[in-house]
Amino acid sequence: MKKNNQCRLIILIVVISLHLMTSCSLLRKGPTDGPGSELGSSSEMDSKNSANSPREKIEEEKTFFDSLFGPSESESVDETNSELKKNEKAKNPNDRGTVGKTIGFFDHNENADEKKNEEDINVENLNPASTKAPNRLGLFLGPGLFKSMSFIGTLRILEKNKISIDGISGTEFGAIVAAMYASGLTPEMIEWNFYKYFKEKREDDVFSPEWIKEVDEFLLSKFKNTRVEMLKKYFYIPLYSKKAKKVVYFEKGNLRNLLLLNLKNQQFSQSDDYLSSLEYETFHSKFFKSRRFNTYVGLDVLGNKISFQENQNNDPLNRLYLKVKNGVNRDIQRETKDGNIIFRFNLEELSLDAAGEFATIVEATKQKNKLLLERLRSLNLEKK
């Protein structure tokens, strides 16, 4: 054993002698700084070398020997732990950018977006805001075509009174209003967008290809490069999957494409894999509760009387909305039985497609919005 140590010392002396002139800086620096390093920076090493004891010199030679022949086992463990810490940091769910890259948030393959999203997505792992809060409000804006403009006044009065809307969803035109709000547009900006649309719109049949193209041009084209998962508020859009034969909630994907699918239904579109959830399901609090929204509020402007002005002779459209009305009433009964809030605006005197009634709709809902505000204030939803 003693002989082996002497041989090793001789090897060290020979190696040091050969490299003394060319490797002086290497001897002075020692191992690079990193997690677990006890040697400090190179400036600290300079001060230490001036007073090195024989034992410290031996340790310095050992360090140089290890740099030539490989690190010791303990140093390998330190490096492994360092890598594990880096990996754990990359998995931190609070680092939205890192997580996004991991699960494909920044994958802009728009053709595959919709098909990917049929699978359930665990939002609580994607967004730090999904951690349980004292009271989180999920708002769903029901169908109603142009009567959906009532929701703009609702958003305005809730913002003015600091009622926090943590997540928002909707169907048909309610989905468009919800998407605009989730993207960061103020109620005033949303109102201006719809005002321009009503001013310029043509008299095309609702849900016809020409009608959808016009809606896209005035209201949806601004979202061409917008991703759902990058919106300022949580936004979910329900679509009916023809393959799964059920309504699925999309939580990521191209916003414009999803909103366009939201305007297509079985009677007017046969080729798409996904359709509007309009005639299959509207209010669905269980989805919001699964995303830790402990307060669910649905807004209904459809009412019990279905009437059209420009499309009054469109029999397929009238039959569609009679079916939708019955489905909405069924959903409302279920949700209220479960203790959720479904607020009805009772706008039966207004038609679903009368663009000229925009100002009337906004005025007619002012008192209703005040009643809704009082209801929500009792739930302690004000921003802190």
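Residues numbered from 1 in each chain as written. Predicted model: local features only at pLDDT ≥ 70, side-chain atom pairs only at ≥ 80, totals over all residues. Heavy atoms only, no water.

Engineer: Can you walk me through helix α17 (residues 366-377) in this structure?
Structural biologist: Side chains that are three or four residues apart share a direction in an α-helix, a result of its 3.6 residues per turn. Given a rise of 1.5 Å per residue, twelve residues ought to cover 16 Å, and the 17 Å separating the end C-alpha atoms of α17 matches this to within 8%. Along α17, the positions that sit buried rather than exposed are Asn369, Leu372, Leu373 and Leu376. For α17, the angular spread of the buried residues around the axis is 105 degrees, confining them to a single face. (Helix = DSSP H or I, 4+ residues; strand = E, 2+ residues; numbered from the N terminus. Expected span 1.5 Å × (residues − 1). Buried < 20%, exposed > 50% of the residue type's maximum accessible area, 1.4 Å probe, protein only. Arc of directions from axis to C-beta.)

Engineer: Help me understand empty space enclosed by the protein, please; the structure alone is not making it clear to me.
Structural biologist: Think of a ball as big as a water molecule: rolled over the atoms, this probe shows where empty space is left. According to the stated counting rule, one finds one cavity of 30 Å³ or more in the structure shown. Reported here for the largest cavity is a volume of approximately 40 Å³. Around the largest cavity, the lining residues are Leu278, Glu279, Tyr280, Glu281, Thr282, Lys323, Val324, Gly327, Val328, Arg330 and Asp331. When the residues that make up the lining of the largest cavity are grouped by side-chain class, the tally is four nonpolar, two polar and five charged. (1 Å grid on protein atoms, 1.4 Å probe; cavity = no way out; pocket = protein on both sides within 12 Å on 5 of 7 lines; lining within 4 Å. Points joined across faces, edges and corners; volume = space filled by probe spheres on them. Nonpolar A, V, L, I, M, F, W, Y, C, P; charged D, E, K, R; others polar.)

Engineer: What is the right way to read the pattern of salt bridges from this model?
Structural biologist: Working definition: two side chains of opposite charge can pair if their charged atoms are close together. For the structure shown, the criterion picks out 15 salt bridges. In this structure, Asp216 engages Arg256 in a salt bridge whose closest nitrogen and oxygen atoms are separated by 2.8 Å. Of the two residues, Asp216 sits in helix α12 (residues 209-220) while Arg256 sits in helix α13 (residues 255-261), which places them 40 residues apart along the sequence. Each of the two residues, Asp216 as well as Arg256, counts as buried. Between Asp331 and Arg334 there is a salt bridge, and its shortest N-O distance comes to 3.0 Å. Placement of the pair is Asp331 and Arg334 together in helix α15 (residues 315-337), with a separation of three residues, close to one helical turn. A relative accessible area of 3% places Asp331 in the buried class. In the salt-bridge network here, residues are joined through shared partners; they are Arg156, Glu188 and Glu191. (Salt bridge = Lys/Arg side-chain N within 4 Å of Asp/Glu carboxyl O.)

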